[in-house]
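These are the residues of each chain, in order.
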Amino acid sequence: MIDLHAHLLPGLDDGARSWEEAVEMAQTAVESGIDTVAATCHANLPGRESAELVRVYRRQLEQFRELLTKERIPLQLIEGMEIMDGPELVRKLKREELLTINHTRYVLAEVRLDAPAWQIYRMLTYLLDAGYIPVLAHPERYRCVQRIPGHVKEWAAMGAVLQLDKGSIFGRFGEGAADAAAYMLDRQLASLAATDAHRADVRTLSLAPLRDLLARQYGSACPELLLRENPRRILKGQEVIRF
Ligand SMILES: [Fe+2]
């Protein structure tokens, strides 16, 4: 399986707190049947200079690849960031001060959980207009979606790719997120699901339980599409399969 949203590199954000924890998370990933992970870190947050973050990020990524080889953990690491909406987002992407997923046109983008719906429409519009394909991180966790789930239909129709968090489907982020996730799964509006892992012990880098749950509730084609086929297509810069 492929996980395109995980906070795996230490010292960059609120994800892994040490190299040891990062290695433990990578081990968990492999044991749960994941072979490829995008090591996404939070980016474009206020107070942090983007170009400097890219430099540090790439250094850490390379260092972690070497560490995994040394530890004989067969996990492929992919470049990517979870990019917070903010001023000059497109300009920063064009200058590589913010990174797309695996050098493709796919941009993993998020807004604050309490952001108004119009801000998401605006962000998707300017990314699409600039030729990027927004992968909207965990729409089911946004309050505006929990109030009016129908927004996600419009975002998918605009061309955005919608990414569910494992924790939402398992109810970890409350009933609102679980209901919104179910709304999207019932209507086949989500194109992929990811761990959004932050730690070795909670919000883990394991996808097997999610694969099994999705297969039980929606049939085995569902996890095949959300955890394998569509992430694979995104990594290659190909169109995702939509229904
Ligand atoms: Fe995240």
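Note: the structure precedes this text.
The numbers attached to residues start from 1 for each chain and follow its sequence in the written order. Per-residue local features are limited, in this predicted model, to residues with pLDDT of at least 70; the limit for side-chain atom pairs, both in listing and counting, is 80 or more; totals at the level of whole chains, interfaces and linings are taken over all residues. As a rule here, side-chain values come from all non-hydrogen atoms in the structure, and water together with hydrogens is ignored.

Colleague: Outline the packing of helix 4 (residues 117-129) against helix 6 (residues 151-158), listing residues and values.
Modeller: Lines fitted to the C-alpha atoms define the axes, with helices restricted to the stretch that makes contact. Angles between their N-to-C directions range from 0 to 180 degrees. Strands are runs of DSSP state E lasting at least two residues, helices are runs of H or I lasting at least four, and both sets are numbered from the N terminus onward. It is the contact of helix 4 with helix 6, at a shortest axis distance of 11 Å, that shows an interaxial angle of 5°. As judged from the angle between their axes, helix 4 and helix 6 are roughly parallel. Contacts between helix 4 and helix 6 involve A117, I120, Y121, L124, T125 and L128 on the former and, on the latter, H151, E154, W155 and M158. In terms of residue class, the contact of helix 4 with helix 6 is built from seven nonpolar, two polar and one charged. Orientation labels follow simple angle bins: below 35 degrees gives roughly parallel, above 145 gives roughly antiparallel, 65 to 115 gives roughly perpendicular, and whatever is left gives oblique. Note on definitions: a residue-residue contact is assigned when non-hydrogen atoms from the two residues lie within 4.5 Å. Under the scheme applied, nonpolar residues are Ala, Val, Leu, Ile, Met, Phe, Trp, Tyr, Cys and Pro; charged residues are Asp, Glu, Lys and Arg; polar residues are all the others, including Gly.

Colleague: Can you explain the pattern of salt bridges? Please cite residues and give values.
Modeller: The rule for a salt bridge is simple: a side-chain nitrogen of Lys or Arg has to be within 4 Å of a carboxyl oxygen of Asp or Glu. All told, the structure shown has 16 salt bridges when counted by the stated rule. A salt bridge links E79 to R58, with the nearest nitrogen and oxygen atoms 3.0 Å apart. With a gap of 21 residues between them, E79 in strand 3 (residues 76-84) and R58 in helix 2 (residues 50-70) connect regions that are remote in the sequence. A salt bridge links D196 to R203, with the shortest nitrogen-to-oxygen separation between them at 3.2 Å. Pair check on accessibility: D196 and R203 agree, each one buried. Relative accessibility under 20% of the residue-type maximum defines a buried residue, over 50% an exposed one, and the middle range a partly exposed one, all with a 1.4 Å probe and only protein chains included.

Colleague: How would you sum up the coordination of the iron ion? Please name residues and give values.
Modeller: Donors, by definition, are the N, O and S atoms found within 2.8 Å of a metal, the threshold being 3.2 Å for Na, K and Ca, and water is not counted, so a site can look incomplete. Protein-derived coordination of the iron ion comes from H5 (NE2), H7 (NE2), E82 (OE) and D196 (OD), at a distance range of 2.0 to 2.3 Å. Mapped onto the polypeptide sequence, the residues donating to the iron ion form the spacing pattern H-x1-H-x74-E-x113-D. With H5 in strand 1 (residues 2-6) and D196 in the loop between strand 7 (192-194) and helix 9 (208-218), the pair connects residues that are 191 residues apart, well separated along the chain. H5 gets classed as buried once you look at its relative accessible area, which sits at 0%. What makes D196 buried here is its relative accessible area of 2%.

No statement about biological role is implied by the geometric values presented.
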